[in-house]
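Examining the three-dimensional arrangement
Chain by chain, the residues:
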Amino acid sequence: MNDRTTAFADPITDDTLTQPYTGASPYDRYVHASVLNSMQQPLTEAPDEMGFLVTTQVMELWFTLIVHEWRTAQVAFAKDDLPAAMDALTRSRRALTALNGAWAPIAALTPAQFNGFRAAFGKASGFQSAMYRHMEFLLGDKSAGLLRAHRGDPAVHEALSETYREPSLYDEVLAFLHRQGMHVPLRVRERDVSEPYTSDPGVVEVWREIYTGPQHHPHLALGELLTDIAELIARWRYEHVLVVRRAMGSKPGSAGSSGLAWLEQRATRPVFPELWEVRGGI
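Since this is a predicted model, take the numbers as computed values, not measurements.

**Comments concerning the overall build of the chain**
- Within the chain, the regular secondary structure consists of 15 helices and 0 strands.
- Dimensions of the chain, computed from the C-alpha atoms along their principal axes, are close to 75 × 50 × 40 Å.
- Evaluated residue by residue, the chain yields a buried proportion of 40% over its 282 residues.
- Here the contacts in the chain between residues at least 6 apart in sequence split such that 70% fall between residues at least 24 apart.
- Each charge class in the chain was averaged separately, 27 positive and 34 negative side chains, and the resulting centres sit 6 Å apart.

Quick look at the structure:
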């Protein structure tokens, strides 16, 4: 009995794991965990502020990964490398699923709990996130006004300006489909890509041809993967609306926006609109 107890209390350990490190551990040098873990600096004694900070920072990391994967997909589409583009989009779908799950720690904040630290972040607001703005610009939701808001930070503004001026992920998809023999209208291919993308009936017809064709064609698989991404974005936006509605109702946003009303309006903006419209005519 004692021998078994001792065995459980003192498990066998690989000696290499107990050797002292010289300086930071190799893990910390690679992941920078000590840096990440030093970045949570609550400004109040409110017990819920730490969860709010961590949740927000984790979302920023997911934004970064998603932007990386969408840019990887863009490059692959430009090279007509559909397998590589699909791989990157699939990875981004997994990251979007994780991003949506990141709401959980703050999803049930009551108004009193949120008010316990809300004043501490002053005019800070999630819509000021530069990386989330990269995401929206990559989706084709361009906005000169929201770009202009970042002019005070030259490096951030220049990086966002590049994403603003370049074709969106969806623009690259449509250019790829055209090179594959689909008849994407010239007005779409030569549009001003700094303008918000809006639905085009000619693109609806492109997707109709794909969706009424062979049901295991790679282009249909691409359409469904893009639809998954659009759905996950819509769910993230709606979850944001619910979190705000539950925590602060219809109060004005911290940065002076209309708060809930502004989020509700943004949540209705379609992602890859023709992929939704085509389903009603098949």
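Let's pick the thread back up.
**Brief notes about unusual backbone geometry**
- A positive phi is found at His32, a non-glycine position, where the angle reads about 60°.
- Among the structural elements, His32 can be located in the loop between helix H2 (26-31) and helix H3 (33-36).
- Accessibility expressed as a relative area gives 44% for His32, which makes it partly exposed.
- Backbone geometry at Phe272 places phi at a positive 50°, although glycine is not the residue there.
- In this structure, Phe272 sits in the loop between helix H14 (260-267) and helix H15 (273-277).

**Description of a nonpolar patch on the surface**
- Together, Tyr27, Tyr30, Val31, Val35, Leu36, Met39 and Leu61 line one region of the surface with nonpolar side chains, adding up to about 740 Å² of accessible area.
- Of all elements in the fold, only H2 and H3 reach the threshold of two or more residues within the nonpolar patch.
- Among the elements that take part in the nonpolar patch, H2 stands out by supplying 3 residues, more than any other.
- Along the chain, the position of Tyr30 falls in helix H2.
- On the basis of relative accessible area, Tyr30 is assigned to the exposed category, the value being 71%.

**Description of the UniProt feature "binding site: heme" (unreviewed entry) in the chain**
- Mapped onto this structure's residue numbering, the UniProt feature "binding site: heme" (unreviewed entry) falls at His240.
- Looking at the secondary structure, you find His240 in helix H13 (residues 218-248).
- A relative accessible area of 19% means that His240 is categorised as buried.
- Setting aside anything within four residues of it in sequence, one finds His240 in contact with Trp103 and Leu263.

**Notes on the nonpolar core**
- Grouped together as the largest cluster of nonpolar side chains are 63 residues, with contacts concentrated most on Trp70, Phe77, Leu89, Leu177, Trp207, Leu222 and Phe272.
- Of all the elements in the fold, those that place two or more residues in this core are helix H4 (49-78), helix H5 (82-101), helix H6 (111-118), helix H7 (130-138), helix H10 (169-179), helix H12 (201-211), H13 and H14.
- The element contributing the most residues to this core is H13, with 14 residues.
- When sequence neighbours within four positions are dropped, the list of residues in contact with Trp70 reads Leu89, Ser92, Leu96, Met135, Leu138, Leu139, Leu169, Ile229 and Ile233.

**Thoughts on the packing of aromatic side chains**
- Taken as a whole and judged by the stated rule, the model has 16 aromatic pairs.
- On the basis of an interplanar angle of 50° and a centroid distance of 5.3 Å, the ring pair of Phe127 and Trp262 is categorised as tilted. Taken as a pair, Phe127 in the loop between H6 and H7 and Trp262 in helix H14 lie far apart in primary sequence, 135 residues in all.
- An aromatic cluster is present here, built from Phe52, Phe114, Phe117 and Phe121 joined pairwise through their rings.
- Lying over the aromatic face of Tyr164, Lys142 brings its terminal NZ or CZ to 6.0 Å of the ring centre.
- Taking NZ or CZ as reference, Arg279 lies 5.8 Å from the ring centre of Trp276, over its face.

**A word on H13**
- The first and last C-alpha atoms of H13 sit 45 Å apart over 31 residues, in line with the 45 Å expected at 1.5 Å per residue.
- Of the residues flanking the end of H13, it is Gly249, one or two places downstream, whose phi is positive at about 60°.

Scoring rules and cut-offs
Residues numbered from 1 in each chain as written. Predicted model: local features only at pLDDT ≥ 70, side-chain atom pairs only at ≥ 80, totals over all residues. Heavy atoms only, no water. Helix = DSSP H or I, 4+ residues; strand = E, 2+ residues; numbered from the N terminus. Buried < 20%, exposed > 50% of the residue type's maximum accessible area, 1.4 Å probe, protein only. Contact = heavy atoms within 4.5 Å. Lys, Arg positive; Asp, Glu negative; His and termini not counted. Charge placed at Lys NZ, Arg CZ, Asp CG, Glu CD. Patch = residues over 30% accessible without salt bridge, like charges linked within 9 Å, V, L, I, M, F, W, Y side chains within 5 Å. Areas by Shrake-Rupley, 256 points an atom, 1.4 Å probe, with all protein chains shown as cover. Salt bridge = Lys/Arg side-chain N within 4 Å of Asp/Glu carboxyl O. UniProt positions renumbered as here; feature names shortened; annotations may be inferred. Core = buried A, V, L, I, M, F, W, Y, C linked by side-chain atoms within 4.5 Å. Phe/Tyr/Trp six-rings, centres within 6.5 Å; stacked < 30°, edge-to-face > 60°. Lys NZ or Arg CZ within 6 Å of the ring centre and 35° of its normal. Expected span 1.5 Å × (residues − 1).

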